Each structure stands twice: as structure tokens, then as C-alpha cells.
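Chain residues, written in single-letter form:
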Amino acid sequence: MAKISIDPITRLEGHGKIEIFLNDEGEVANTYLQIPELRGFEKFCEGRPVEELPRIVPRICGV
Amino acid sequence: MAKPKLALYWAAACGGCDVAVLDTNEKILEIAAFGDIVFWPIALDFKYHHVRAMEDKSIDLCLFNGAIRSTEQEEIAKLLRAKSKVLVAFGACACFGGIPGLANFTTREEILQRVYKEAPSNSNPEGTLPQVKTKVPEGELDLPDLFESVQTLEQVVPVEYFIPGCPPPSDLIVKVVDLYVTGKMPPVGSIVASDKTCCDECDRVKEEKKVARFYRPHEITTDPKKCLLEQGIICCGPATRGGCGMRCIKANMPCRGCFGPPAGVADQGAKMLSAIASIYQGDTPEAVNKMLDEVVDPAGTFYRFGLPDSMLKRKKVAKVQGK
């Protein structure tokens, strides 16, 4: 199937790409949004002192 | 004469560095007048295929923020290196690994398990994990692969300049832009910040560096005019490059090292450990054990922004595939 890729998506915070699959008539058969990033805050915050979390987790999103 | 071409990119990042550039306020208009920004995902709609189509070294200046921890981030770092005359590691993540570098205290596997399976808010009954290739009825989808470890930009491609900070202060960004525009950049390889430590530049009253015990912030009320370290609050100022304007200290928060190690120091955490040990009173085994109890999460505090850049690099893993 023909495919249009929007990579990267822009003018927002974060990474993403959109794949648009077109059928033979050129209509949209399906569209997928993918997030090609992972940093792991959910795991690496474990073991940090609780009073430090307000200084670590704002770095999830600086916007 | 054609205007210089500028690019900004974010790898394992939060957007804070891009916002810091925007926070130069009216200076951004001067930047836009001075150069053509040819790639900047937060603000402009250029795609990767536009960058791939550029001639090598056609980008005059590329500010690259974010750490490298996926195949896509490494690929784009190499792409922008090829297309750029000057590549700048912009911000603590690109310079030292940054907060995402804390992932080097854990493993890729532990992260995936926690994020996709164990986290209490998850609903993932089939235990699905992200895959590099996924078949869908219409075709196939690709995702980048995660590396075992987080790396700095320089560990992946050569870099001309380093602008530290989480994020770099907007006035430092303005200063660097002025240097670039007037052709007065410092020697290649420079870290564009102060040659002194944050501690040197701090204007708090310093008396004698002798500490009887360390406290966690809820255990004491500090005097806002006196050195935090001397009051028993762990402050990474002695092991951190200056140039940030003491913005954390001014908010009555101790330094956590986002400007990286000072000039001439190879390992920020080791420097900090040495600073702590040298000011603590008592050298008996009991005193040492007492100190160890009082310093909470030393590795995560002394290497908060710089684990990938340090001599430690990461926690040991039994088997490492790839990086």
C-alpha cells in the first residue's frame, strides 16, 4: 500500500511520527501515530530522595 | 551573500533547551533576521527528508540538545554532524547526559518492564512491549531501538562547542549568539561558560568549611545568606562549572550540577565526593559510617546530570547487546 510518512511531527513538544496508508483509490485506509522515544523516568526516579523529585520530574517536559 | 543556515534539534530531551532559546525574547527576532533556520522541530515544519537532501556542511550552525539513547537519535546526530559546519552540544543532556542519563543507573530491560508492565496505572493485559517492527494489516511500522545506555553527543559524533546548563540560561545563549555573529567564538572544543566553579561565583557568606552532620532539607531551616554546604545541606557548587548566575542558590535550593564538572575535573561525582569527605568532621570509622547514613543517594546526587559523561558511565549489566 502507498504510504505517507510525517516524520517528525512538528510544532509541539515531543517526538512522533505519523504513517498514513492509502488504498488503491488513494483514500486513507488507516493512520498510525507512533512515539519513537522513551527515557524511563518511571524507573530511574526509583531510589532518588523524595525531596529531589520536584527537581527531576520537570525535565519530563521543559515546555 | 546568503544568510547563514541554522538548525536546532532535540534528541532524548524535554524541550526546555528549545524554550530557553525562545526565552531570549526579542533576541530571537535578531537570530531570525541574521540567519535562516532550516530545521527546528519545536517551531518549524521541516522534516528529516529535508535535512537528508541538504548538502554536507551546508548548515552553518547546529544547536543539538538532548542525550543519545536510541537508534534514531544516533542516526540524526550523525546526519546533522555531516550536514553542519559547527555542531554545538547544547544543554546538559547533550553535554553530559543530563537527567535522562539517570537511566544508566538501571537497565533497558528494567525500564521496559516498569513502563509497559509494572507501573500501577498501566492497562496492558497482554504485556505488549514496543517492537522495532510491527506488522499491521496495511503494511509494516518501524520504531527505533533503545540502546542499553544513554550517551552524550560527543560520545557519538565530534562536537565543536559545549553550552552547558539545564537549560542554558537565556542570557548565556544571547552571549553565545553574539559571539557567533561577530566571529568571536572561543577556540574549538570550548565549554562556553565560566572557568570558575559555581561555588566560587556564589555570593553567599562562606566562613569555614567544617560540617558536623548533613541534613535533608526538611530537617533544618537554613539561613538564606550563608553557604548551604556549611549549614550541612549537600550542594554540588564546589564540583560544578559556574556561569549560571547561581539561579538555584538564589531560589534557596542547593546546586545539583547542571553545568557539569569544573575546568580540569574529569569526573564530577568524584570531585564532589572528595569535597564532601574533606569538609566532614571526624575521621573514625564511626564518623564515616555516620556520614554515609546522612548523605542520601550520593550517586544520584553527585552524578545527577553527568552519569554518562563520568568515569562510571553506567551501572554494570550482566550481558549487554549493542551499546
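Before reading on, note that the structure itself is shown above.
Caption draft 1: Structural view of the overall build of chain B. The secondary structure content of chain B amounts to 12 helices and nine strands. Compactness check: chain B gives a C-alpha radius of gyration of 22 Å against a globular reference of 20 Å for 323 residues, within 12% of the reference. With the C-alpha coordinates aligned to their principal axes, the bounding extent of chain B is approximately 65 × 55 × 30 Å. Counting all 323 residues of chain B, 42% fall into the buried class.

Caption draft 2: Highlighting unusual backbone geometry. Here the residue pair D7(A) and P8(A) is connected by a cis peptide bond, since its omega of 0° sits within 30 degrees of zero. With respect to the helices, strands and loops of the structure, P8(A) is situated in the loop between β1 (2-6) and β2 (17-22). With an omega dihedral of -5°, the bond running from C166(B) to P167(B) counts as a cis peptide bond. Within the secondary structure, P167(B) is located in the loop between β9 (161-163) and α7 (170-181). Positioned with a positive phi, R11(A) is a non-glycine residue whose angle comes to about 65°. If you trace the backbone, R11(A) turns up in the loop between β1 and β2. One non-glycine residue, D297(B), lies in the positive phi region at around 50°. With respect to the helices, strands and loops of the structure, D297(B) is situated in the loop between α11 (285-294) and α12 (298-302).

Caption draft 3: Looking closely at the sheet that holds strand β3 (residues 28-34) of chain A. Residue and element names in this part refer to chain A. Spatially, β1-β2-β3 is the arrangement adopted by the three strands of the open sheet, whose pairing is antiparallel. Two strands in the sheet have a free side with no partner beyond their single neighbour: β1 and β3. The mean inter-strand angle of the sheet, taken between neighbouring strand axes irrespective of direction, is 15°. Both β1 and β2 contribute to a ladder of five bridges, which runs antiparallel. Looking at β2, one finds that I4 is bridged to I20.

Caption draft 4: Structural view of the pairing of strand β1 (residues 5-10) of chain B. Residue and element names in this part refer to chain B. Of all six residues in β1, five are buried, a share of seventy percent or more. Inspection of the sheet shows β1 paired to strand β2 (residues 36-39) by three bridges, in the parallel sense. Across the sheet, the residue bridging to A7 is F39, located in β2. Where β1 and strand β3 (residues 59-65) come together, five bridges link them in parallel fashion. Bridge assignment links A7 to a residue of β3, and that residue is C62.

Caption draft 5: Fine view of the interface of chain B and chain A. The partner chain A presents 32 residues to the 41 residues of chain B that form the contact. The set of elements that each furnish at least two residues to the side of chain B that touches chain A consists of α1 (16-22), α6 (108-118) and β7 (139-142) of chain B. The dominant element in the side of chain B that touches chain A, judged by the number of residues it contributes, is α6(B), at four residues. Per-class residue counts for the side of chain B that touches chain A are 25 nonpolar, seven polar and nine charged.

Caption draft 6: Spotlight on the pairing of strand β5 (residues 84-90) of chain B. Residues and elements named next belong to chain B. Burial within β5 is extensive, with five of its seven residues counted as buried. Here β3 runs beside β5; their pairing, made up of five bridges, is parallel. Residue pairing for β5: L63 is matched across the bridge by V88. Here β5 pairs with β9 via three bridges, running parallel. Paired with A89 across the strands is F162, a residue of β9.

Caption draft 7: How the structure looks around the environment of L22(B). As for its placement among the helices and strands, L22(B) is situated in helix α1. When the C-alpha atoms of L22(B) and S170(B) are compared, they prove to be 8.4 Å apart, with 148 residues separating the residues in sequence.

Caption draft 8: Region of the structure containing the environment of C45(A). Residues and elements named next belong to chain A. With respect to the helices and strands, the residue C45 is situated in the loop between α1 (41-44) and α2 (53-56). In this structure, the C-alpha to C-alpha distance between C45 and I56, residues 11 residues apart in sequence, is 7.9 Å. If we ignore the near neighbours within four places in the chain, the residues touching C45 are L53, I56 and V57.

Caption draft 9: Just the sheet that holds β2(B), in detail. Residue and element names in this part refer to chain B. Spatial strand order, β2-β1-β3-β5-β9: five strands in an open sheet with parallel pairing. Looking at strand neighbours, the two that pair on one side only are β2 and β9, the edges of this open sheet. For this sheet the average axis-to-axis angle between neighbouring strands, irrespective of direction, equals 25°.

What counts as what
- Residues numbered from 1 in each chain as written.
- Chains lettered and ligands numbered in written order.
- Predicted model: local features only at pLDDT ≥ 70, side-chain atom pairs only at ≥ 80, totals over all residues.
- Helix = DSSP H or I, 4+ residues; strand = E, 2+ residues; numbered from the N terminus.
- Rg over C-alpha atoms; globule rule 2.2 N^0.38 Å.
- Buried ≥ 20, exposed ≤ 12 C-beta atoms within 10 Å, placed from the backbone.
- Pairing = 2+ DSSP bridges.
- Axes fitted to C-alpha atoms, helices over the stretch in contact; angles between N-to-C directions.
- Contact = placed C-beta atoms within 7 Å.
- Nonpolar A, V, L, I, M, F, W, Y, C, P; charged D, E, K, R; others polar.

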